[in-house]
Amino acid sequence: MIKSTIRCYATLTVLFSLGISFTFPTYVMFLLSRGLNLFEANLVNAVYFGTLVLFEIPTGTIADLFGRKISFVSSCFLMSLGALLYARAHSFWSCALAEGITAIGSTFASGAFQAWVVDRLKHFDYKGSFDVIFAKARQLAIFFGMIGGLAGAFTADYQITTPWLMCSATMFLCGLTALFWMQEEYFTKKKFQWRNTGQAMKDIVTTSFSHGKSNRAVKFVIATTVLQLFVVMAPNMQWQPLFSQFLSSKASLGFIKAGISVFLLIGAAMTSTVLRWSKNERGAIHLAQVIAGLAIVLTVLPQAFLPAIAAFLIHEIPRGWFDPINNAYLNNNIPSKERATIISLVAMMEHIGGLAGLILFGFLGEYFSIPTAWIVAGGILIVLTICLRNINGRPK
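Draft legend 1. Quick peek at the overall build of the protein. Tallying secondary structure elements over the protein gives 16 helices and zero strands in all. A separation threshold of at least 6 residues defines the contact pool for the protein, and within that pool the share at least 24 residues apart is 87%. Taken as a whole, the protein presents about 16,300 Å² of accessible surface, with 67% of it coming from carbon and sulfur. Averaging the locations of the 30 positively and 17 negatively charged side chains of the protein gives two centres separated by 6 Å.

Draft legend 2. Looking closely at helix H12 (residues 271–278). Residues Thr-271, Val-274, Leu-275 and Ser-278 constitute the buried set of H12. Buried residues of H12, viewed axially, fall in a sector of 105°; they line one side. Pointing more than 90 degrees away from the buried face of H12 are the exposed residues Arg-276 and Trp-277. For H12, the elements touching its buried residues are helix H7 (130–156), helix H11 (250–269), helix H13 (281–300) and helix H14 (305–331). Directly beyond the C-terminal end of H12, a positive phi value near 75° is found at Lys-279.

Draft legend 3. Focus on the side chain of Glu-99. Relative to the elements of secondary structure, Glu-99 occurs in helix H5 (residues 92–110). We note that Glu-99 is buried and unpaired, the nearest opposite charge coming from Arg-34 at a distance of 12 Å. Looking at Glu-99, its side chain comes within polar contact range of the side chain of Tyr-86, at 2.3 Å. When near neighbours in sequence (up to four residues on either side) are disregarded, Glu-99 contacts Tyr-27, Val-44, Asn-45, Val-47, Tyr-48 and Tyr-86.

Draft legend 4. The arrangement of the pattern of salt bridges in detail. Inspection of the entire model under this criterion finds three salt bridges. The residue Asp-119 makes a salt bridge to Arg-68 at a minimum N-O spacing of 2.7 Å. Placement of the pair is Asp-119 in helix H6 (residues 112–123) and Arg-68 in helix H4 (residues 68–87), with a sequence separation of 51 residues. The residues Asp-119 and Arg-68 share a single accessibility class, namely buried.

Draft legend 5. Broad picture of the confidence of the model for the protein. Model confidence for the protein is summarised by a mean pLDDT of 88, while 91% of its residues fall at 70 or above. Summarising per-element confidence for the protein, the mean pLDDT is lowest in helix H9 (residues 194–214) (64) and highest in helix H8 (residues 162–181) (96).

Draft legend 6. The packing of helix H1 (residues 2–21) against H4, seen in detail. At a minimum axis distance of 12 Å, the contact between H1 and H4 shows a crossing angle of 20°. By the criterion of interaxial angle, the relationship of H1 to H4 is roughly parallel. Crossing geometry of H1 relative to H4 is assigned as left-handed. Residue-level contacts link Leu-12, Phe-16 and Ile-20 of H1 to Phe-72, Ser-75, Cys-76 and Met-79 of H4.

Draft legend 7. Quick peek at the environment of Phe-363. Along the chain, the position of Phe-363 falls in helix H15 (residues 339–367). Taking C-alpha positions, Phe-363 is 8.4 Å from Ala-373, a pair spaced 10 residues apart along the chain. The residues contacting Phe-363, other than those within four sequence positions of it, are Phe-39, Leu-358 and Phe-368.

Rules used throughout
- Residues numbered from 1 in each chain as written.
- Predicted model: local features only at pLDDT ≥ 70, side-chain atom pairs only at ≥ 80, totals over all residues.
- Heavy atoms only, no water.
- Helix = DSSP H or I, 4+ residues; strand = E, 2+ residues; numbered from the N terminus.
- Contact = heavy atoms within 4.5 Å.
- Areas by Shrake-Rupley, 256 points an atom, 1.4 Å probe, with all protein chains shown as cover.
- Lys, Arg positive; Asp, Glu negative; His and termini not counted.
- Charge placed at Lys NZ, Arg CZ, Asp CG, Glu CD.
- Buried < 20%, exposed > 50% of the residue type's maximum accessible area, 1.4 Å probe, protein only.
- Arc of directions from axis to C-beta.
- Salt bridge = Lys/Arg side-chain N within 4 Å of Asp/Glu carboxyl O.
- Polar contact = N/O pair within 3.5 Å; in protein donor to acceptor, adjacent residues only side chain to side chain.
- pLDDT = per-residue confidence, 0-100.
- Axes fitted to C-alpha atoms, helices over the stretch in contact; angles between N-to-C directions.
- Parallel < 35°, antiparallel > 145°, perpendicular 65-115°, else oblique.
- Left-handed = near helix turned anticlockwise from the far one by under 90°.

What follows is the structure in structure tokens.
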């Protein structure tokens, strides 16, 4: 059952990552093709993060009350619908609607999927390392994300809406697969009663916020993830217009997206090595932030394509090991009962950081310049990481 659980987790990770990756290389260019400017494109993505903030805790609570399986399946079907609506979008508001539905779908998966694999493996007395599982899942997600990104970019040269249709079909397939494969023998579903549900949600949320205040690991993870997502909104949303000035086709953006995947994969593969260098998870997380910040700044200093793309790809390496180490550190330090909701709490705080980053760096990129936005972003990441390390002290 342990092997079956890991295979299920890996398969669904592949389908989920493949589905959303079709649209990544041309996401911003698609929004610009609909008549939006760079700031408006950021505002559409801000709708995503704003929706995540509103729905993260409620959907995480639903997963804890009614099961992680139903939550993940709902996620896949909602994201499939959102992608289909995107394929028919022709204005800021129609894009914002599609983005909002996609965001609601994303919240159903953010805490539930990870919580499902951890609790089911623990149910079958798994004694291995979750670092290894999360790192391998990250590698699979990156590898198939690279394949999906290339496929999406090549089809976008012929019809820019095709990647969204491919995304919709794959997410629907992922939902069907999860519906028939995922099992929750350990989970006892609560009898649904409206008068009890509100209080149950309140109790779980209150307990999760209590852990967020008192648990040093939870506070640390919230601080580092909020900081990183705030900063990386600059490169995430602006690399396509930044590099498209040097390129002749949308398919070329697919190769850059493939390069991003390769360097993220390298970073994920370095997880164990970085942990040995840093001697602990907290040190590895700090190292990731500083290296990423430096590389973001160095990307926009040269005026030539090759040194700029080299620095940009290097910044993806520490981002590759950040997630598996961060996820393992969090899961090793929180109780099972509220796991999904605590993970959703962390994600909610992270998305607040992303929302702020989209507004600030979208404004700087549109009304000043993209290099200005990136230099400010990288500088903030370096300085605040150093401050955070000094505040928390050197981990034991």
